[in-house]
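# An overview of the molecular structure
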Number of protein chains: 2
Amino acid sequence: ARPRVGYFYSGKKPVQSVTDSMIGMKVRDFQSIPVVVAENVSVYDAICHMFLEDVGTLFVVNNSSLLTGVLSRKDLLRTSIGNTELDKIPVHVIMTRMPNITYCEKQDTLLQAAKKMIEKQIDSLPVVVGNEEGFEVVGRITKTNITAAFLSLSDDHEL
Amino acid sequence: ARPRVGYFYSGKKPVQSVTDSMIGMKVRDFQSIPVVVAENVSVYDAICHMFLEDVGTLFVVNNSSLLTGVLSRKDLLRTSIGNTELDKIPVHVIMTRMPNITYCEKQDTLLQAAKKMIEKQIDSLPVVVGNEEGFEVVGRITKTNITAAFLSLSDDHEL
């Protein structure tokens, strides 16, 4: 057996309870980069963009880069069934519009964001910064981010 | 002020740490009902089924009710762009097939299931029971279930 001489640095982080970790989780620490499209982009191009960027939700912005809509995979799939003119329909016709968009801010807790997604039955929230004219989209929180956070609790605390 | 006489029952559950709650979370306690389709169903009908059942993933089974494939919204959206003959394509042509399907079992921990979804970059896992011939699908675990579990930790512990 290896002799135990003196103390060894275990490499562990200072102890914080799982509870404190959970309460301390902020949207800003787990958010992803948002993917946005303009209002006049076609549904066809939006679908291609969604595949290229590999996201489940696109945010739609106006000429001033302010949030005006949200497009989910479900919205795009609904429109694409049996529709051969996808290149002629602009996304603003099918998107979910403000003020019906549920959003969050980067200083919100991840628990608050998770609660909104479960209550509204949506997979993603835009992270916004508001000003007098509207909301600028600065991030994206998804159930994937929440799942990753759930796992990180376990990893950080070596469960 | 109200006089404090004797002890009051607070209504709280016996204390268990958040850590213990997390480790103890099992797939069986959070899983949803699986939605399955047969292999020869058309892509068009599968999309309709997905909307009717309001799920993001369909599991495909053979005549013996054993798992042979998985269909995500992404798979169906990819096929539906610019394709006018969705009613003529059977789902077995486009589905992800065994043995390339990542699954879990009901006695697995939720942490194990979450880890698989993050590592494989998928939104859902079939919960299966294996026998000599294959896997029977008995449930479905999604990132929504994980998000709900994350919230329930906070609710149960009144964070």
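About the thresholds
- Residues numbered from 1 in each chain as written.
- Chains lettered and ligands numbered in written order.
- Predicted model: local features only at pLDDT ≥ 70, side-chain atom pairs only at ≥ 80, totals over all residues.
- Heavy atoms only, no water.
- Helix = DSSP H or I, 4+ residues; strand = E, 2+ residues; numbered from the N terminus.
- Buried < 20%, exposed > 50% of the residue type's maximum accessible area, 1.4 Å probe, protein only.
- Contact = heavy atoms within 4.5 Å.
- Areas by Shrake-Rupley, 256 points an atom, 1.4 Å probe, with all protein chains shown as cover.
- Least-squares fit on C-alpha atoms with pLDDT ≥ 70 in both.
- Pairing = 2+ DSSP bridges.
- Axes fitted to C-alpha atoms, helices over the stretch in contact; angles between N-to-C directions.
- Phe/Tyr/Trp six-rings, centres within 6.5 Å; stacked < 30°, edge-to-face > 60°.
- Lys NZ or Arg CZ within 6 Å of the ring centre and 35° of its normal.
- Salt bridge = Lys/Arg side-chain N within 4 Å of Asp/Glu carboxyl O.
- Parallel < 35°, antiparallel > 145°, perpendicular 65-115°, else oblique.
- Left-handed = near helix turned anticlockwise from the far one by under 90°.
- Nonpolar A, V, L, I, M, F, W, Y, C, P; charged D, E, K, R; others polar.
- Core = buried A, V, L, I, M, F, W, Y, C linked by side-chain atoms within 4.5 Å.
- Buried area = accessible area lost by both parts, 1.4 Å probe.
- Polar contact = N/O pair within 3.5 Å; in protein donor to acceptor, adjacent residues only side chain to side chain.

### Concerning the overall build of chain A
When helices and strands are tallied, chain A shows six helices and six strands. Across the 159 residues that make up chain A, the buried fraction comes to 43%. Nonlocal contacts in chain A, meaning residues at least 24 apart in sequence, comprise 59% of its contacts between residues at least 6 apart. Of the roughly 8,800 Å² that chain A leaves accessible, carbon and sulfur atoms contribute 48%.

### Details of the relation of the copies chain A and chain B
Least-squares fitting of chain A to chain B yields an RMSD of 0.0 Å, with the superposition described by an axial translation of 0.0 Å and a rotation of 180 degrees. In symmetry terms, the pair is related by a two-fold rotation axis. Counting the interface residues of chain A, we find that 100% of their copies in chain B are interface residues as well, pointing to one common contact surface.

### So, the sheet that holds strand 3 (residues 67–72) of chain B
Residue and element names in this part refer to chain B. Sheet architecture is open: four strands sit in the order 1-2-3-4, paired in mixed fashion. Each edge of the sheet is formed by a strand with only one pairing partner; in this case those strands are strand 1 (36–38) and strand 4 (96–97). Where helix 3 (residues 43–53) meets the sheet, its contacts fall on strand 1, strand 2 (57–61) and strand 3, and the angle it forms with strand 2 comes to roughly 130 degrees. Relative to the sheet, helix 4 (residues 73–80) contacts strand 3 and strand 4, its axis offset from that of strand 3 by approximately 70 degrees.

### Details of the packing of aromatic side chains
Residues and elements named next belong to chain A. A complete count under the given rule lists two aromatic pairs over all chains for this structure. Seen from their ring centres, Tyr103 and Phe135 are 4.5 Å apart, and the 40 degrees between their planes marks the pair as tilted. Of this pair, Tyr103 sits in the loop between strand 4 (96–97) and helix 5 (110–120) while Phe135 sits in strand 6 (residues 135–142), and the two are 32 residues apart along the sequence. Note that Lys116 overlies the ring of Tyr103, its terminal NZ or CZ placed 5.9 Å from the centroid.

### Regarding the pattern of salt bridges
Tallied over the full model, the rule gives twelve salt bridges over all chains. One salt bridge connects Arg78 of chain B with Asp75 of chain B, and the closest N-O pair in it is separated by 3.4 Å. One end of the pair is Arg78 of chain B and the other is Asp75 of chain B, both in helix 4 and three residues apart, which spans about a single turn. For Asp75 of chain B, a relative accessible area of 13% gives the class buried. Through salt bridges with shared partners, a single network forms among Arg73 of chain A together with Asp123 and Lys143 of chain B.

### Focus: the side chain of Thr102 of chain B
Position of Thr102 of chain B relative to the elements: it lies in the loop between strand 4 and helix 5 (110–120). Here Thr102 of chain B is in contact with Lys116, Lys120, Ile122, Leu125 and Pro126 of chain B, once residues within four sequence places are set aside.

### Structural notes on the packing of helix 5 of chain B against helix 6 (residues 143–156) of chain B
All names here are of chain B. Direction vectors running N to C along helix 5 and helix 6 enclose 135 degrees, while the axes themselves pass 10 Å from each other. Comparing their axes, helix 6 and helix 5 come out oblique. In the packing of helix 5 onto helix 6, the handedness of the crossing is left-handed. Contact residues: Leu110, Ala114 and Met117 in helix 5; Lys143, Ile146 and Ala149 in helix 6. Taken together, the residues of the contact of helix 5 with helix 6 break down into five nonpolar, no polar and one charged.

### Side note on the nonpolar core
Counting residues in hydrophobic clusters, the biggest one holds 36 residues, and the most contacted among them are Leu110, Ile141 and Phe150 of chain A together with Leu110, Ile141 and Phe150 of chain B. Sorting the residues of this core by element identifies helix 1 (18–24), helix 5, strand 5 (124–130) and helix 6 (143–156) of chain A together with helix 1 (18–24), helix 5, strand 5 (124–130) and helix 6 of chain B as the ones contributing at least two each. Leave out the neighbours within four places in its chain, and Ile141 of chain B touches Val27, Phe30, Gln31, Cys104, Leu110, Ala113, Met117, Asp123, Ser124, Leu125, Val127 and Ile146 of chain B.

### With respect to the interface of chain A and chain B
Between chain A and chain B, the residue contacts involve 36 residues of the former and 36 residues of the latter. Regarding the contact of chain A and chain B, the summed buried area is about 3,600 Å², with carbon and sulfur atoms giving 81% of it. In terms of surface lost to chain B, no three residues of chain A exceed Phe51, Leu77 and Phe150 of chain A, which account for 21% of the buried area on that side. Linking chain A with chain B are four salt bridges. For Lys74 of chain B, the salt bridge identified is with Asp54 of chain A, shortest N-O distance 2.4 Å. One can count five residue pairs in polar contact (both at pLDDT 80 or more) joining chain A with chain B. When contributions to the side of chain A that touches chain B are tallied by element, the ones reaching two or more residues are helix 1, helix 3 (43–53), helix 4 (73–80), helix 5 and helix 6 of chain A. Per-element accounting of the side of chain A that touches chain B gives the leading share, nine residues, to helix 6 of chain A. Residue composition of the side of chain A that touches chain B, grouped by class: 22 nonpolar, seven polar and seven charged.

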